[in-house]
Each structure stands twice: as C-alpha cells, then as structure tokens.
Amino acid sequence: MKNQLLLLPLLAALLLASCGMPQRMIRFTPALADSLKASRVNLADYEKRYARYEGVFLLDEQSVEHVLQPNMKYWRCYRMRTLRYIVLDPDAEWLTTFNLGIDEGDQLISATIDILNPDGSMHNYGTEDLKKTVSSEGETRYKLAYPDIRKGTIVQESYEMAIVPYSAAALRPSIDVQYSVPVEHMIVQLALPQKWTTDVKETAPDQLPSLRSQSYQEDRKSIYRYEATDVPAINDEPYAPYFREVANYIECQTGESSIRTTSWESLTDDFSEIREDNTWQYATVRDVVDTIVRGASSDRAKLDAIIRFVQRNITPVRTYNGDDTRDVLESGSGNIMRICALTRGMLQDAHIRARLVLAHSARDGYFDSNFVSVGQLNVPLVEAIIGDTSYIAFPYWKNYPVNVIPDHLQGQPGLVIADEQPPGDLVTLPIGDSVSNTLDDSYNLAIDDDGNISVEETRSLHGTNAFWERERLAAMDDEETKKEIRDLLTYSDGDIKVKDFEITNKTDYEQPLVIRIRYSIDNLVTVTPDEVIFQTGGLFSPSTGRKQKLDTTERQNPIRIYENEELIKKITVSYPASWTLTTPLENAEQSNEFGSISGTYTSGAGTLTVEHHRLLRRMSAPKEKSNELLAVTGRKSRLNIPTLVFKVTR
Amino acid sequence: MKALALLMVAVSLAVVPSLHAGAPDVAIEMNTTFHISRNGDTTYRIYSTDEVRQTYLSKRSTNRNSFSISEQFYNTISDIDGSSDGHLDDPTITSEYDQGSDAFISDFKTYTITFPGTIDTGQTISFEYRRDYPGAAYLPIISIPNIDYVKSYSVTFLHPEGMSVGFDFFFPDDSIPYAIDSSDPERTVITFSDVHARQQLPHFPYNGIRAAAQIILRDGERAVTPNTFADFTRWYTGMFNHAPSIAPAYDTLLRRDLAQARTDIEKIRVIHDFVRKNIRYIADEEALHAFVPHDPSMVLARGYGDCKDRAYLVASLARREGIDVEMGLLSTSPEPHFAGTHLSQFNHVICAYGSGPKRIFFDPTHKYCEFGNLPECDIESEILILDPKRPERLVIPAPNTTPSIDIAIRANIDSLKQGSALITLRNDLFHYGLEAGEKRTGVDQENFLSNMVTTYFNKISFDYFTVDSRTDSSITFRATADLSEFVIATSGKRYISQMPFRLVDPEVLERASDNLPIYNDTRMAAAMTIDLDAPGFTADSSSLSIGTDPNLHYRTSAVGLPAGGYRLSYDGAHLAKHIAGDDRAPYLDFCRTVLKLKKSMYVLTNKDS
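Residues numbered from 1 in each chain as written. Chains lettered and ligands numbered in written order. Predicted model: local features only at pLDDT ≥ 70, side-chain atom pairs only at ≥ 80, totals over all residues. Heavy atoms only, no water.

A tally of helices and strands in chain A yields 14 helices and 35 strands. With respect to the three principal axes, the spread of C-alpha positions in chain A is 110 × 75 × 45 Å. When contacts within chain A are restricted to residue pairs at least 6 apart in sequence, those whose partners lie at least 24 apart make up 72%. Counting only carbon and sulfur atoms, one obtains 48% of the accessible surface of chain A, whose full area is about 29400 Å². Charge separation in chain A, taken as the distance between the mean sites of 71 positive and 95 negative side-chain charges, equals 2 Å. (Helix = DSSP H or I, 4+ residues; strand = E, 2+ residues; numbered from the N terminus. Contact = heavy atoms within 4.5 Å. Areas by Shrake-Rupley, 256 points an atom, 1.4 Å probe, with all protein chains shown as cover. Lys, Arg positive; Asp, Glu negative; His and termini not counted. Charge placed at Lys NZ, Arg CZ, Asp CG, Glu CD.)

Structure below.
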C-alpha cells in the first residue's frame, strides 16, 4: 500500500506533463532593455506639455486571458500589465515605487521593472527584489522603491498574475483606461474562450468602449482589443462628477453561457441562500424583536428602534455569506449583506414590509440596465415600506439615520434581492430633499453701550450634517462637549466667554439637532465719541469654508452638484437706542439655474434684522456654465457685511 | 524615523479612546510582566507578557469593542488571546502591515482585536499577548495613559538576582502615587493605582499621558539599559560605522563645487544643498533600519533615503572633506523629559556643526529649507548630539527672528480693492512658497498662495500672485491687496484697525486658570507697511508698543508721509514655543491685549467734514 501511495504523485506529474502547458495567446513578454531605450523621449517637450502633471504614461498595456486546460474541465485566468511612464516629479512617491497588492488566492507569477535614466543608464529588477508582506486577511503586497530616479527617467513595470478563476476579477474584469495623468498609448486585450459569452458595460447612454473582437478558430479564442492614444488626464476639480462618471473604463463580464445570468430577476438567484433564509422567523429572533419594539407607538418608531438596535449591536465583518440571519443576531457579527438580511427579517417580524436591495453607486459610473451584472450593484441596503412611504436604511453603519441617503446613491437604481413578492425588480432610490442638507442658523446679538456683545447662536442641523454631529457628540463627555461647542462657534478670533449652551434632540433622530450657545465677545465693537464700528467677524457672512477660485476657462469636467444645499441665516441685532445705523443695507437677490442667494435687511429703532438665504440645487450642467455657478458660490459675496457703522446721538 | 516613537505606547486602548476628566466610561487594569534572564555575560533574553482588562462603566462606552496593538521588528508580538466574562464570542484578531505612514517599507504591523456582539455596562473584556525584545535597550517607556480611569497598572520584572530595576519618572502635571516593591531579589514590581483622567488642555503637549517612567536596569555595577547620553550614543552609533568611507564611484561627486568653497561652512552648505535637493524622501525602514541609517554609498546609489539616511550621508560626505558634522536625534513634538534618554524620544534626525553658541544646525530632509535655517518643527526641540566623544543634549535655538511674512502695500483710499502688495516670505512660508512654485500650477497655485497668506490677516486678502524676486532665504511676490474691508468708511472718517494680523490663537486664553506649561507648535512673526494715499484726509501720528522681548512683541504706528498720505506700520512677533512658570502670566497678558487690539483704530478724518 505504501508503494502504491508513493506512485500517485508521479502519476499525477505525468498526467500534467501530457496535458502540456495551458494554451495562451497573449504571452507575457517582459521588456527588453533595447525596446525601452527606443522609447527615450524629449524631456523638455514633456515638461512643457504636461507641466501640471507628476508624470505621463507612455504606454499602458493590460490584458486578461482565460485559458481552458486541454482535456480538462477547469480553466485558469491570467492578468498582465506593462506600464511605461516618464517621471516629471521625482518626489512623487507613487511614480518612483512599485506597490502592488493582490487578493488572497491570486498569485504573482513574475514581475520585471526596467528603469532608463536620461543619461542612458539602466536598472533592472525582478520578483526576487520585491519586499513581500501578507496581511491576516490574505492580501499580499509587493514593494520596491526605485533607485536613481530623476526628472525624465522612464520606468517600465511589467507583471503577470494568476487570478482565482471564479473571483470577481476573473469573471468581471474592470479596467481603467484613463487616469489622473495623461496616457499616450493605451491597450487593453481580453482573450477569452470562443464559446464563452462576453458582455461589455456602457459607460454612458449608448456609449460602449470601442472594443474590436477577432476570433482565432484554431486556438478557439476570441480576443477583444481596445486601443487609444493621447488620452487626457482627468483633473480633480470642485463640483465635478465622480471619477468613473467622466473617465473611460472597460467593465465586462464573461463566462460559459450556461452559467451566465441574462436577467436581473435570475441574478437574484445568486443570493438564493439569503433570499430563502427564513431563520428570522424563529422564536429566538422574534423574541428579540418583540423586546426592541415594545413601547414603540408606530411602525415608524418600530423601524427606528430595529435599525438602531442592529447598527449598535451587530458588527460588520468581512466573511463569506455562510451564516444565517439567526447566527448573525446571536454572534453579534456578520457581513453587510447578512446584516441587511437580518434587518429585513426583523422588520418583517415587526409586521413592516421590508426589502433587501442591492444598489448601484454613482461612484461606479453609469448604470447600464442591459448589462446584467452584480458588479454594478455594490451597496446593500434595506427599504422599509410603511403605508405609501418607503424608507431607506443602512443597518451596518452605526447610528446612520433612516432615510438619509448618501449623495452617490440618490436617484440610483437598485435590485430587489428579497421581498414578500418575487424579487428581481429594479427600483430607483429616492432623491434627498433640500431639508436633508439644510443649515439653519439664527443669531441674536445684543450690543451694550460699551461695545460688549452678547450672542445667542442657534444652529439647527438636518440630515447628514445632524448625523455626523450627533456621532461626535455621542462619543463625548461633558468636557469634550464644552470643547466641541467652542469649536462650533461662528466667531472664534477673540477672548470668547461661553456662558451656557443647550443641545436639543441629541438622540431624537427624527428631529433636527439644535445647538443653542450663549457667549460674549469683547473685541468686535469700537466705540468712539460719535460713531460705533461693529466688525461682524464672519457672523454676517452668507457662506463659510475656505475661499477657492474656480478655474472657469480651463475647466475640464462638467458640473455636478449631488445634493441640494441650503443655508438659512437669521440675525437679529439689538443695540442702544442712542445709536443709529448708518451703513446702507440694500436687499439683494441673485438666482440662476444653479440656485439662488438673497439677503434682506429690516431695521428699526435699536434693532436690525438680517436674513440670508443660499440655495444650491442638485443638478448637472456643462462646464461652460462655470461662471453662473460662481455667481452663487463665489469666493466673495456681495451679501457679506464685514462692518456695521452706527452714529451715536449724545 | 517615525517608527522610533512607536515604542512609546505599547497598547492603544480602544480605537477611539475617550480622554476626559468627567465620570469614567471604562476602568482599565493593565499588567505587564518582563521576564529577564542572562544570556551570557552582557546580554539578556527578554520578553514580556501583557494583560489588559477593560470594564465598561457607561452605556456610551459599550461600543468600544476594538483594540489595537502595534509591533515593530524589535518588539514582536505573539500569543494574542482575548476573552470576555462569558457573554461574548471569542474576538477576531487581524493584522495589517502599515500602509499609511511616511515609511514606504517598514515592518510596522498593527494587530486589531475586535469583540463581536453586545457589550453591557458592568461587563469586562480582556486580552493578552507576548512581546519579545532583542535587548534591554528596546525596553519601552512605561506610560500611564490619560484615559478614563486606570484602576491599576502593574509592571513586574522577573530578573536575575544581582540585577536592580530603577525608574526615572516624568509627571506632566501633579505626580501620581505609585509603589515599588523590590523586597524579592529576583522580582521588582511597580504599581500605579486609581489614576483618573486629567482634563484635556489646549496648548499642552502631554494630554496623552498622566505619567511616564524610564526603566533603568543595572546588573551589579554595570548599566544594562543605555540611559545616559554617553551609553545611549555608544549603543546607537555602535550599530553603524560612525565614519564610513564613501564608495570610490563617488570620488568626483561635488568635487568642483567643494573646491570652490573656501571655508568649512561653505563646504557643508554645498553638501547639505546637494543632499536636500537630490535625495528623494523615501523611507525604507525594514528591520533595523527602523532607526539605523543605511550606508551613505547605498543612499547615493539609490538616490533616496529618510531623515537618518540623509543626515548620515551629509555627515559622511563632510567627514570625507575632513569636517566633523555630527548627527543629532530629536523629536519634532515634546516628549517626556528624563534625566537620561531613550530610543522612543526621537522621531527625526538632523545635523550639527561646531560647538557652543556657534554651533549650526541644519536639516537635509527638508527639501526647501535653506542652509542656515531650520523648519519650524525642529526649532526649540531637544536634540541629542551623537558625538561619541562628547554626546550632549541641548535645545535647538531659533536660527533667526526675521518675520516670516513681510508685506509692503501701496493703496489709494478711493480704490481699496486694488492695492498693490509686495509680499516677502521667509522661513517656513518661504519653503511652502517654493514648493507651491515647483509643484502647483495655474489656479491651484494661486489658491494655495492666496489662502496661505490671507490666513494670517484680519480682513485683508491677497490675490494674483506673481514672483517678483528671490534670494537664498526669501521669495517676494507681487499681488493685489484688497483693503476694502480693512479700511472702514463712514461719511466723514476712515477707521483702520491697529491689529491686522492673526498672531495669537485665542484658545490659549483658556489656559489662564491652570499653571502648567504652555506649548505653541508654531511661531509667527509678521511685518506690514501700508502706504495709503488719502487725499482729503488728515490724521494725527500715533504709535503703540506692547512688549520689548524680540520674541514677543507688537508695535504699530501711523505717520504722515512727506509726499502726502500715511504710512501704517505693523510689526509683531509671537515666537515663544515653550512658556512655563513665571513667564506664563505676562505671556497670557500679551495674548489678551493683542486680541483686544483688533477693535483699536487709527482714524483718518475727512478735512471737509
């Protein structure tokens, strides 16, 4: 028996040998020094043309190849990349180092790095030169810092990886073909078994990446090739769409026809384990739900109670979908999909109709409804339906309020994975209304004869603003809260004395978070015998934040404002009756398609009332409209009142 | 060199620790046991076992279920385990190599222990692990964190008979009680109990700790831990060649420039400028190189290095010229102060030349910092000069007191938005200006410069920067100055503030009620003149002066110009970093007065009114 066992490895080796090596059409051909030398460039030209960039990609050649093993049922996937670039800023670490992370199960087969300096000297490195680390999550990282990099150095990185065959990277390749630096020559090749079907995602309505396909009967392969030259960089600009909403990329999915999903409805079968998991109906889960919703007077209150319970008690972890919802509840942890499934089940237990939805994010670019792929749907959430109203919840984000939807998900499609009714519907997530991002501030200022100011500042926060502030306050004790209150003050450039403060609706997520602070300021008012100067110290500024010029002539990106933003500021100033306001204040209003900005002023004996209102609308617009955007977001607004002057009557 | 500081806190308690002086949210008990045994005549085998228990006292603390522990090659971790008092599943333990710090390659690793499930008030979780140390020099500083409530922190040393364990303490404010038990010749225990958190204070550098203690081991008469400056310097410099030769391939490097340099100082300047401009900043901190520099020839060949690599290269190139340049270890933020020193007290390396008051410090890591100057983070830091013959610790003086921002504005009272400004930047602002010129273009560069300069002013903004001139230590821009908000117009008068600068952080006034040291991490000196053409207006000359200390003063004046108009002059210096003891009260008075000056005005009166 022992001898027979010894023979097995030998037999296996012979079988493998007879099968031969996998038939690959795209060979990994590491760069040769000569070919790299041929790519020497005129540095001065590049410095002039690309002054704002840290480097330029001269060639980016990427490929994904699936290889069926001869006479065998399984296949392998290889990914290769050759990236050649010129370094224009040697301090840019990302261009002067090799830093590659690969997922658990993937394998780096080889890597070569060639460096050509402007003086013709070369350095060459291989896999053995890379520093390798492995995290407990299985990610392997390879690193090398390149020596002797100068302005004008050309680097060529080539590597070849074996990808886990059934991984997302193998079945749903997603490849950027445009970056934050220019690319002179971009090539992508996908070499796939001929009998496989391949779908390519549109990157905009009716806009497919221009992939040319060619069949090779003898090799039973199809090669899809994308090629582009002089690809401009995507610049980082304010009020711009997400990167993949403007950049070119190739996203496709491939596989044997028999395992391909052709409809959104059938795609939900991939989640049948979750869909059919009914462990939430078990008594142990129901008992927990009963306890949580006890005392909740409405379905809305029950919804809040359940979401808050899950958010606070279930820890999201990166695990396979294996556990059922009951396990997730009992262990206190689960992956985010399972947490959503548990939440949905608990809501159903509380007699609230709920659906588990996988949503598309604007960060992933355009949603192509004809491209049936789970790769387009990366954000699980729970939609609860009470009466005619639907409520969106993210039960794996601690304390995140119900029905506050992040901007990248607003108006995006989602696929119903589990519902009382048959799943598979594509639904559209709601768009947040302006209330969800309103800052509503009021200030009551009382100035005495000596010029000391008592301020009562009331800030009302809604939506995500309220969420983040509540998160901060919840983690603070009294001392920290006092510090936070000081940091929240609109005016801070003086010896401020905070008298007291009050926080309302700190835990009532349904209501706006209201923070009322009373404080005094002693260095803003100058009293002279005949005039009083009140330097308003930002209290009267209609907008806050850093001043930023917008490049309206060289702008590259279209304009995208993801959420309505509204700022309402009401200021009441009371001052001694012997003072008369002499600063001319005229009501002003400006509006265009991006929004509006207005200021109204009412003065009476000893009082001035100011109302500032700024609204920025959720919208998309061509870059040519930048000047109009500037009119309502500009760095200096004519509504700003830096100083008020009063005449003193003795 | 950042990794050096990581020894300091062996255990980081909770991902978001609460630091406060109110009722505690958690009670923490920590036990560390160092096992020390002889391994030959002068070397020792050392490992520790660490146990941490956290009891939850408030509802809001119960979401703190995650703990992190950091590891370097010289304090490797093993045998991590965690448990709760029966109600939670076993914790998940993950580890990750550092990807976020400034070290591109390092062995720095973080273990995260996460307890799943619901924690209730009154419950306790605990975890433990083992650390192995390659030698006594790597023993950590004992640190009592300023966190909630440390119910007890006990450190036990199991050591050979004949070995003594001593401590050098640092208390940032009041001392806290401790007990040392060395009754057993093979066992020494130090215990801290009932340590409550101290309130967080602005401008106080030790908010993170209540106490720190340096471990001092002696075996008979012989020092085991290198605590003294001499022992530490010997130990540290013993890990690399203090006088390495540069590879022959670099024999011609800088030859011509060095031949033209007439003095040692000029030669050092040549070397310093070469290194700071040509050696890229990439930190390869693999293994021992977490704190030991790479060979200078290797750094030259690579063309990159971190602070210690650069300082070592400068010292080696200078030594090739027969000039003694020493490396110096420092921390860019205040560390606990001990009579001796310790590896964890440093996070940066620079160079020093000369001795006594003529000693020159220079920092070849800072690409844009000219020879003879220093980046702000180095100034007033404690530095240990690694001169094997005469190691010493001293405070790095400020190389100059010249204003970092010096502005001359010409404007007409009728067109205040269109003032023309000449803006001269020096020191750190000069360095930022150079960097912006090199790394930014177009609107991005304009936004950066405009925001950087405008930040220092009340109601004056500057736009449309173009370079006017440049010297080795300054850059001058032409820009538009908008004074329309600064000059306040009424029907018959113009009011102009006597304080245009943001010179003082108002938060520092919150320190009036305690007596602990005050620390400013940045200093500022600024000067400005405004030549204001003001036809039809008249004003009396006046001036104001606060303070006479070159490092802490403010002066302003308004005088009529012979050709008409007025010159408004402003000159302020807030160059004090460490303020303690009797200096506190006058310092806070200065800050209070300066902040109030914002409402003091020069008045120009219309002759016709």
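And the narrative resumes.
Residue and element names in this part refer to chain B. One non-glycine residue with positive phi stands out, namely Asp194, at about 50 degrees. One non-glycine residue with positive phi stands out, namely His203, at about 55 degrees. Residue His203 is classed as buried on the basis of its relative accessible area of 17%. (Buried < 20%, exposed > 50% of the residue type's maximum accessible area, 1.4 Å probe, protein only.)

Taken as a whole, this structure holds 50 aromatic pairs over all chains when the rule is applied. Arranged with centres 6.1 Å apart and planes meeting at 85 degrees, the rings of Phe67 of chain B and Phe115 of chain B form a pair that is edge-to-face. Here Phe115 of chain B lies in the loop between β8 (109-114) and β9 (124-133) and Phe67 of chain B lies in strand β4 (residues 66-71), a separation of 48 residues in the sequence. Given a relative accessible area of 0%, Phe67 of chain B falls into the buried group. These aromatic residues form a ring-pair network of at least three members: Phe73, Tyr74, Tyr138, Phe232, Trp235, Tyr236, Phe240, Phe291, Tyr312 and Phe346 of chain B. Its guanidinium or amino end placed over the ring of Tyr249 of chain A, Arg244 of chain A lies 4.1 Å from that ring's centre, counting from NZ or CZ. (Phe/Tyr/Trp six-rings, centres within 6.5 Å; stacked < 30°, edge-to-face > 60°. Lys NZ or Arg CZ within 6 Å of the ring centre and 35° of its normal.)

On to the interface of chain B and chain A. On the chain A side, the residues contacting the 66 residues of chain B number 65 residues. Of the roughly 5300 Å² buried where chain B meets chain A, counting both sides, 46% is carbon and sulfur surface. Of all residues in chain B, Phe104, Arg280 and Lys599 of chain B give up the largest surface area on contact with chain A, accounting jointly for 14% of the area buried on that side. Here chain B is connected to chain A by nine salt bridges. Notably, a salt bridge pairs Lys596 of chain B with Asp522 of chain A, separated by 3.4 Å at the nearest N-O pair. Counting every contact that joins chain B to chain A gives 27 residue pairs in polar contact (both at pLDDT 80 or more). A per-element tally of the side of chain B that touches chain A places helix α7 (residues 442-454) of chain B first, with six residues. (Buried area = accessible area lost by both parts, 1.4 Å probe. Salt bridge = Lys/Arg side-chain N within 4 Å of Asp/Glu carboxyl O. Polar contact = N/O pair within 3.5 Å; in protein donor to acceptor, adjacent residues only side chain to side chain.)

Another point: the side chain of Asp387 of chain B. Residue and element names in this part refer to chain B. Positionally, Asp387 belongs in the loop between β23 (382-385) and β24 (392-395). The charged side chain of Asp387 is buried without a salt bridge, its nearest counter-charge being Arg390 at 5.5 Å. Among residues more than four places away in sequence, those in contact with Asp387 are Thr233 and Glu326.

The next point concerns the nonpolar core. All names here are of chain B. With 88 residues, the main nonpolar core has Ile142 and Val325 as its most contacted residues. Considering each element in turn, this core owes the most residues, eight residues, to helix α5 (residues 307-320). In this view, Ile142 contacts Tyr153, Val155, Phe157, Phe167, Ile190, Phe192, Ala211, Ala212, Ala213 and Ile215; residues no more than four positions away in its chain are not counted. In terms of nonpolar packing, the next biggest core, distinct from the first, is built from 62 residues, Leu429, Phe465, Met528 and Leu595 among them. (Core = buried A, V, L, I, M, F, W, Y, C linked by side-chain atoms within 4.5 Å.)

On to the sheet that holds strand β14 (residues 187-196) of chain B. Residue and element names in this part refer to chain B. In spatial order, the strands read β5-β9-β3-β2-β11-β14-β13; together these seven strands make up an open sheet with mixed pairing. The open sheet is flanked by β5 (76-84) and β13 (178-184), the only strands paired with a single partner. Within the sheet, the average angular offset between the axes of one strand and its neighbour, ignoring direction, is 10 degrees. (Pairing = 2+ DSSP bridges. Axes fitted to C-alpha atoms, helices over the stretch in contact; angles between N-to-C directions.)

So, on to the confidence of the model for chain B. Residues of chain B with pLDDT of at least 70 account for 96%, and the chain-wide mean is 92. Taken over the whole predicted complex, pTM reads 0.90, whereas the ipTM for its chain interfaces reads 0.89. (pLDDT = per-residue confidence, 0-100.)

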